[in-house]
Amino acid sequence: MSTSLKLTCYLVPLYLLWGMNWVIMKVANGYFPPVLFATLRFACGSAIMLLVLLINRPHLPARRLWPWIFAAGALQIAYNNVVMQLCLNDLGSGLCAVLNYTMPIFTALLAHLFLAEPLSVRKCLGIALSFLGLVLIMNIELESGAGIIIFALSGALAWAASGIIIKARLSHLDMISLTTWQMLCGAMVLCAYDLAVPQEDINWSWQACACLAYNAILASALAFYLWSYILTHMDASKAAVSILAIPGVGVMGGIIFMGESFEIHTACGMLLILLGILVVQRSR
């Protein structure tokens, strides 16, 4: 099997697993407290990843790298996912997916500030298009409050910051090993929060178990394994462009399975965001 065909075989299930998970996460909020659901998801997911890692008998990262691994896990696994899980209470799954995938825009800005990567005219154009889309969405989502959209964007910013840390300090590590330790650190942060802050009871049912199983096994362990393989076999910029199909799957899933409305203004805002991200990534 050729490398390109193999990458396609990894990308297509990733689109479905992460794209449809926006619908699953929104459904899960009806059974779990949002933060506790994220905790259970990544605790189970990291346990599965750790088992796979131990079978391969990996070397532990150097002690000096652990603060950076912990920071990356706290930002991407803990903060980003909790923010999105909370925002799903007030925003549609499709809109949350698109807002989360503004991450490449924030990555371009942070890379310019901290990695001295130049901001070309094309990158600036892409950033302008995306923020125009955000302004358009915020102007028509006032019933939910502009604050909740800004909150969602803070999750994307945290994901971008995690990427900058990985790029600057951890890029030499094996991606599967890094993903495992990063997920485990994020799960530890979430567990500490749950112990410190009382959580509501879980409404256990077969639907709740199905949501948790999907997130732990498929959307966390399996999907992150697929993503690690893609990152190690594809150019970073191409990989970032390739996942732009995921929010599209999330939007369609919300419409089909959740009956979410799709106003023309919302659609235009989402398209501007995705177009801006594509312009930024293609300029690399």
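All values derive from a computational prediction rather than experimental measurement. Along every chain, residues carry numbers that run from 1 in the direction the sequence is written. Local features in a predicted model are, by the rule used here, given only for residues with pLDDT of at least 70; side-chain atom pairs are given and counted only at 80 or more, and totals for whole chains, interfaces and linings are based on all residues. Computation of side-chain values covers all heavy atoms of the structure but excludes hydrogens and water.

## Some remarks on the confidence of the model for the protein chain
Reading predicted coordinates in detail is not appropriate for stretches of low pLDDT. Short version of the rule: For every residue, the predictor states its confidence as a pLDDT score lying anywhere from 0 to 100. For the purposes of this entry, the term helix denotes a DSSP run of H or I that reaches at least four residues, the term strand denotes a run of E that reaches at least two, and both are numbered from the N terminus.
For the protein chain, the mean per-residue pLDDT works out to 87, and 92% of the residues sit at or above 70. For the protein chain, the element scoring lowest by mean pLDDT is helix H10 (residues 236-242), at 64; helix H3 (residues 66-87) scores highest, at 96.

## Here's the deal with the nonpolar core
The condition that has to hold: The set of buried Ala, Val, Leu, Ile, Met, Phe, Trp, Tyr and Cys residues whose side-chain atoms join them within 4.5 Å is what this entry labels a nonpolar core. The rule is simple: take the accessible area with a 1.4 Å probe, protein chains only, and divide by the maximum for that residue type; under 20% is buried, over 50% is exposed, in between is partly exposed. Residue contacts follow a heavy-atom distance rule, with two residues in contact if any of their heavy atoms lie within 4.5 Å.
One finds Leu14, Trp18, Trp22, Leu91 and Leu99 to be the most contacted residues of the largest nonpolar core, which totals 71 residues. For this core, the leading source of residues is helix H9 (residues 206-233), giving twelve residues. Setting aside residues no more than four positions away along its own chain, leucine 99 makes contact with Leu91, Leu134, Ile149, Ala152, Leu153 and Ala156. Listed in part, the twelve residues of the second largest apolar core include Leu53, Leu65, Ile165 and Met175.

## What about the side chain of serine 220?
Tracing the chain through its elements places serine 220 in helix H9. Leaving out residues up to four positions away in the same chain, serine 220 has contacts with Arg41, Phe42, Gly45, Met183 and Asn215.

## Structural notes on a nonpolar patch on the surface
To keep it simple, the criterion reads: Within this analysis, patches are made of residues with over 30% relative accessible area and no salt bridge. Like charges are joined at 9 Å or less; nonpolar side chains (Val, Leu, Ile, Met, Phe, Trp, Tyr) at 5 Å or less. Here the accessible surface of atoms and residues is derived via Shrake-Rupley with a 1.4 Å probe, and residues count as covered only by protein chains that are part of the display. Throughout this description, the term salt bridge denotes a Lys or Arg side-chain nitrogen within 4 Å of a carboxyl oxygen of Asp or Glu.
A cluster of nonpolar residues, Ile48, Val52, Ile217, Leu218, Leu222 and Tyr225, forms a patch on the protein surface that exposes about 440 Å² of accessible area. If you list the elements that add at least two residues to the nonpolar patch, you get helix H2 (34-55) and H9. The element that contributes the greatest number of residues to the nonpolar patch is H9, accounting for four residues. Within the secondary structure, leucine 222 is located in helix H9.

## A short note on the environment of valine 82
One can find valine 82 in helix H3. Since its relative accessible area comes to 14%, valine 82 is described here as buried. Not counting residues within four places of it along the chain, the set of residues in contact with valine 82 comprises Val35, Ala38 and Leu190.

## What about the packing of aromatic side chains?
Going by this rule: Any two of the Phe, Tyr and Trp rings considered here, Trp counted by its six-membered ring, make a pair once their centres fall within 6.5 Å; the pair's planes then place it as stacked at under 30 degrees, edge-to-face at over 60, or tilted in between.
All told, the structure shown has eight aromatic pairs when counted by the stated rule. An aromatic cluster is present here, built from Trp18, Phe224 and Trp227 joined pairwise through their rings.

## Thoughts on the pattern of salt bridges
Considering all chains together, one arrives at one salt bridge under this definition. A salt bridge links lysine 123 to glutamate 117, with the shortest nitrogen-to-oxygen separation between them at 4.0 Å. According to the relative accessible area criterion, lysine 123 is buried, its value standing at 6%.

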